Amino acid sequence: MYIIVGLGNPTAQYAGTRHNIGFDAIDALAEKMSCGVDTKKHKALIGSGRIGAEKVVLAKPQTYMNLSGESVRALVDFYKIDPEEELIIIYDDISLEPGKIRIRTKGSAGGHNGIKSIIAHLGTQTFKRIKIGVGEKPPKMDLADYVLGHFQGEDKELAREGADKASLAAAVMILEGPQKAMNQYN
């Protein structure tokens, strides 16, 4: 069994923002799996289905980004999974160009508050992750304003493609392993 968590902020005002690209990837994956992500449990909206023979729970934490670890911890505890093996987190990365993805199996938070919260609640930096590029913030712009801003122009399409690639990469990670996904998508 796997849990795939896309990070973002709840409420309509954050829909389509750079910080919510993890939610967008979960929506793309839910569409491919023909399941809804609309049941409120574990401080998240969740849905479930299968990728190949594996049962998969999709989740969009409703705790706001900086408290994502609360929801992830509740999911890990309820489903009794090993976060180092059966958890995949999908989130935004300002160090990647819009739409690019990067897969890792461990690492630091790199300044991302959602990942900091998850690391603090799980007590480990070892869990699978898919970062989706949202582009570097312009000079002199506040980081929070940038990640909470909406994609513009060509970046909007690149972000949609990135979310879709991330959903496909998550499936490859589950079916063929993280190394195969890294080789294919990094």
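Above this text sits the structure in question.
Residues numbered from 1 in each chain as written. Predicted model: local features only at pLDDT ≥ 70, side-chain atom pairs only at ≥ 80, totals over all residues. Heavy atoms only, no water.

A.B. asks: Lay out the overall build of the chain in plain terms, naming residues and giving numbers.
C.D. replies: Each helix and strand counted, the chain has 7 helices and 7 strands in total. Mapped from its N terminus to its C terminus, the chain presents α and β elements in the order β-α-β-β-β-α-α-β-β-α-β-α-α-α. Rg of the C-alpha trace for the chain: 15 Å, near the compact-globule value of 16 Å for 186 residues, within the 12% margin. Each principal axis of the C-alpha distribution contributes one length, and for the chain these read about 45 × 30 × 30 Å. Within the chain, counting contacts between residues at least 6 apart in sequence, those at least 24 apart form 69% of the total. A total of about 8700 Å² of accessible surface is found on the chain, and carbon and sulfur atoms cover 48% of it. (Helix = DSSP H or I, 4+ residues; strand = E, 2+ residues; numbered from the N terminus. Rg over C-alpha atoms; globule rule 2.2 N^0.38 Å. Contact = heavy atoms within 4.5 Å. Areas by Shrake-Rupley, 256 points an atom, 1.4 Å probe, with all protein chains shown as cover.)

A.B. asks: So what's going on with the packing of helix α1 (residues 21–33) against helix α6 (residues 154–176)? Which residues, and what values?
C.D. replies: Interhelical geometry of α1 versus α6 gives an angle of 60 degrees and a closest axis separation of 8 Å. As judged from the angle between their axes, α1 and α6 are oblique. As for the relative orientation of α1 and α6, their crossing is right-handed in sense. Here Ile 21, Asp 24, Ala 25, Ala 28, Leu 29 and Lys 32 of α1 lie close against α6, whose contacting residues are Ala 159, Ala 163, Asp 164, Ala 166, Ser 167, Leu 168 and Ala 170. (Axes fitted to C-alpha atoms, helices over the stretch in contact; angles between N-to-C directions. Parallel < 35°, antiparallel > 145°, perpendicular 65-115°, else oblique. Left-handed = near helix turned anticlockwise from the far one by under 90°.)

A.B. asks: Summarise the environment of Phe 23; cite the residues concerned and give the values.
C.D. replies: Within the secondary structure, Phe 23 is located in helix α1. Overall, the relative accessible area of 8% leaves Phe 23 in the buried class. Here the alpha-carbon distance between Phe 23 and Ala 163, two residues 140 residues apart in the chain, equals 8.6 Å. Ignoring any residue separated from it by four or fewer positions in sequence, one finds Phe 23 in contact with Gly 6, Leu 7, Gly 8, Asn 9, Pro 10, Lys 60, Pro 61 and Gln 62. (Buried < 20%, exposed > 50% of the residue type's maximum accessible area, 1.4 Å probe, protein only.)

A.B. asks: Describe the pattern of salt bridges, listing the residues and the values that go with them.
C.D. replies: By the definition in use, this model includes 7 salt bridges. Notably, a salt bridge pairs Asp 164 with Lys 32, separated by 2.4 Å at the nearest N-O pair. Taken together, the residues span a long stretch of sequence, with Asp 164 in helix α6 and Lys 32 in helix α1 at a distance of 132 residues. On the accessibility criterion, Asp 164 (25% relative accessible area) is partly exposed. The exposure class assigned to Lys 32 is partly exposed, which follows from its relative accessible area of 39%. A salt bridge links Arg 73 to Asp 77, with the nearest nitrogen and oxygen atoms 2.7 Å apart. Of the two residues, Arg 73 and Asp 77 both sit in helix α2 (residues 68–79), 4 residues apart, roughly one turn of that helix. (Salt bridge = Lys/Arg side-chain N within 4 Å of Asp/Glu carboxyl O.)

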